[in-house]
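A structural walkthrough
Chain by chain, the residues:
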Amino acid sequence: MADEMLRVNKLLSEAGVCSRREADRWVADGRVTADGRRVQVGEQISRNADIRVDGRRIHREEQKVLLMLNKPRGIICTARRGERDSVVRFIQYPIRVYPVGRLDKDSEGLLLLTNQGELVNRIMRAGNFHEKEYEVTVDREMTEEFLKGMGEGVPILDTVTRPCKVTAAGPCTFRITLTQGLNRQVRRMCAYFGYEVKKLKRVRIMNLILGDLPVGRYREVSAEEREELDRLLAGSSSLSWKERHG
């Protein structure tokens, strides 16, 4: 619609510039203008406004991109251009994309990259309970008590992790399926029981499976995978609990 009014963070995320959360930070820092004036956090503006970030005009991306990357260790999940080891610099994709969530620098495996801000929010919101599966190797042989405790919930970061599925995959290796994404969650959970993570690889996000994609390589999500992803995301909110309930 010609005069449709939307929150500025939604407009920026739809344009493939950043996620809503990052957009709010940019607005708060005074980096975003609409028709020549600085906008405020939460402000609604016209879809047809001249929106700029740091003076650079924002155009809506026509091509929607969703990539699967097998992230190597040492690569940082950021879109900041000044970061030497950033994932966007690593893949050198011709269209501006940014990571869906994070894998810490020492971790590897499946990372999604996209230019669709709403998609990022719908996948990553903890309240949507979407699954992410990891393969983890620890520094010594595991006990049944350790596996049971990991699955029942672990007190870290002033909370208790959600119950999750944990299965042994070897004497020192297990698989864990999470529906939340606390900071360095798996490493902190293991540390609580006195184990050190030696290798952490994400192998699945919802229906998207890393499979045999080589380390350091990426591919586009197939039409069939995207169709199933959209089905699983049906009804998932892109808003936080606070945004939904005021």
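Just so we're clear, the structure is a prediction, and the values are computed from it rather than from any experiment. (Residues numbered from 1 in each chain as written. Predicted model: local features only at pLDDT ≥ 70, side-chain atom pairs only at ≥ 80, totals over all residues. Heavy atoms only, no water.)

A separate point is the overall build of the protein. Secondary structure assignment for the protein yields 8 helices and 17 strands. In terms of overall dimensions, the protein is globule-like: its C-alpha atoms have a radius of gyration of 19 Å, near the 18 Å expected for 246 residues. In terms of principal-axis extent, the alpha carbons of the protein reach across some 60 × 40 × 35 Å. When burial is assessed residue by residue, the protein has 48% of its 246 residues classed as buried. Within the protein, contacts between residues separated by at least 24 positions form 65% of all contacts whose residues are at least 6 apart in sequence. Summing over all exposed atoms, the protein offers an accessible surface of approximately 13,100 Å²; the carbon and sulfur share of this is 47%. (Helix = DSSP H or I, 4+ residues; strand = E, 2+ residues; numbered from the N terminus. Rg over C-alpha atoms; globule rule 2.2 N^0.38 Å. Buried < 20%, exposed > 50% of the residue type's maximum accessible area, 1.4 Å probe, protein only. Contact = heavy atoms within 4.5 Å. Areas by Shrake-Rupley, 256 points an atom, 1.4 Å probe, with all protein chains shown as cover.)

Ranked by internal contacts, the top residues of the largest apolar core, which has 52 residues, are Leu112, Ile123, Val136, Met150, Phe174, Ile176 and Cys190. Apart from the residues within four sequence positions on either side, Leu112 is in contact with Leu66, Leu67, Met68, Tyr98, Pro99, Val100, Ile123, Ile205 and Leu208. The next biggest cluster of nonpolar side chains, apart from the first, holds 18 residues, and it includes Val8, Cys18, Trp26 and Val53. (Core = buried A, V, L, I, M, F, W, Y, C linked by side-chain atoms within 4.5 Å.)

A grouping of Arg21, Arg25, Arg80 and Arg102 is seen on the molecular surface, where their side chains present a positively charged patch. Looking at the secondary structure, you find Arg25 in helix H2 (residues 20-28). A residue is classified by how much of its surface remains accessible, and Arg25, at 48% relative accessible area, is partly exposed. (Patch = residues over 30% accessible without salt bridge, like charges linked within 9 Å, V, L, I, M, F, W, Y side chains within 5 Å. Salt bridge = Lys/Arg side-chain N within 4 Å of Asp/Glu carboxyl O. Lys, Arg positive; Asp, Glu negative; His and termini not counted. Charge placed at Lys NZ, Arg CZ, Asp CG, Glu CD.)

With that settled, the discussion passes to unusual backbone geometry. Unusually for a residue other than glycine, Asp158 sits at a positive phi of about 60°. With respect to the helices, strands and loops of the structure, Asp158 is situated in the loop between strand S11 (155-156) and strand S12 (159-160). Its relative accessible area of 86% is what places Asp158 among the exposed residues. Positioned with a positive phi, Arg184 is a non-glycine residue whose angle comes to about 50°.

Every buried residue of helix H5 (residues 144-152) is accounted for by Phe146, Leu147, Gly149, Met150 and Gly151. Just past H5, the residue Gly153 takes up positive phi, approximately 120°.

Take the confidence of the model for the protein next. Taken residue by residue, the protein gives an average pLDDT of 88. The fraction at 70 or more is 91%. Long-range and interchain partners of residues 239-246, a stretch whose pLDDT sits below 50, account for 8 contacts in this model, where long-range means more than four residues apart. (pLDDT = per-residue confidence, 0-100.)

Glancing now at the packing of aromatic side chains. For any pair of aromatic rings, the description rests on two quantities: the centre-to-centre distance and the angle between the ring planes. This model, assessed by the stated rule, comprises 5 aromatic pairs. Ring geometry for Phe146 versus Phe193: centroids 5.8 Å apart, planes at 85°, classification edge-to-face. Here Phe193 lies in the loop between helix H6 (185-192) and strand S15 (197-205) and Phe146 lies in helix H5, a separation of 47 residues in the sequence. By relative accessible area, Phe146 is classed as buried at 2%. Assessed through its relative accessible area of 27%, Phe193 is described here as partly exposed. Measuring from centroid to centroid gives 5.1 Å for Tyr192 and Phe193, while their planes differ by 85°, and the two rings are edge-to-face. (Phe/Tyr/Trp six-rings, centres within 6.5 Å; stacked < 30°, edge-to-face > 60°.)

Right, let's talk about the pairing of S15 for a bit. Sheet analysis places strand S9 (residues 108-114) next to S15, joined by 2 bridges and oriented parallel. Residue Gly109 lies in a different strand from S15, and its bridge partner there is Arg202. Relative to S15, strand S10 (residues 132-138) runs antiparallel, the two sharing 7 bridges. Residue pairing in the sheet places Glu133 in a bridge with Arg204 of S15. Direction of pairing for S15 relative to strand S16 (residues 208-209): antiparallel, over a ladder of 2 bridges. The residue of S16 that forms the bridge with Arg204 is Ile209. The loop that links S15 with its antiparallel partner S16 comprises 2 residues; one of these, Met206, has a positive phi angle of about 55°. (Pairing = 2+ DSSP bridges.)

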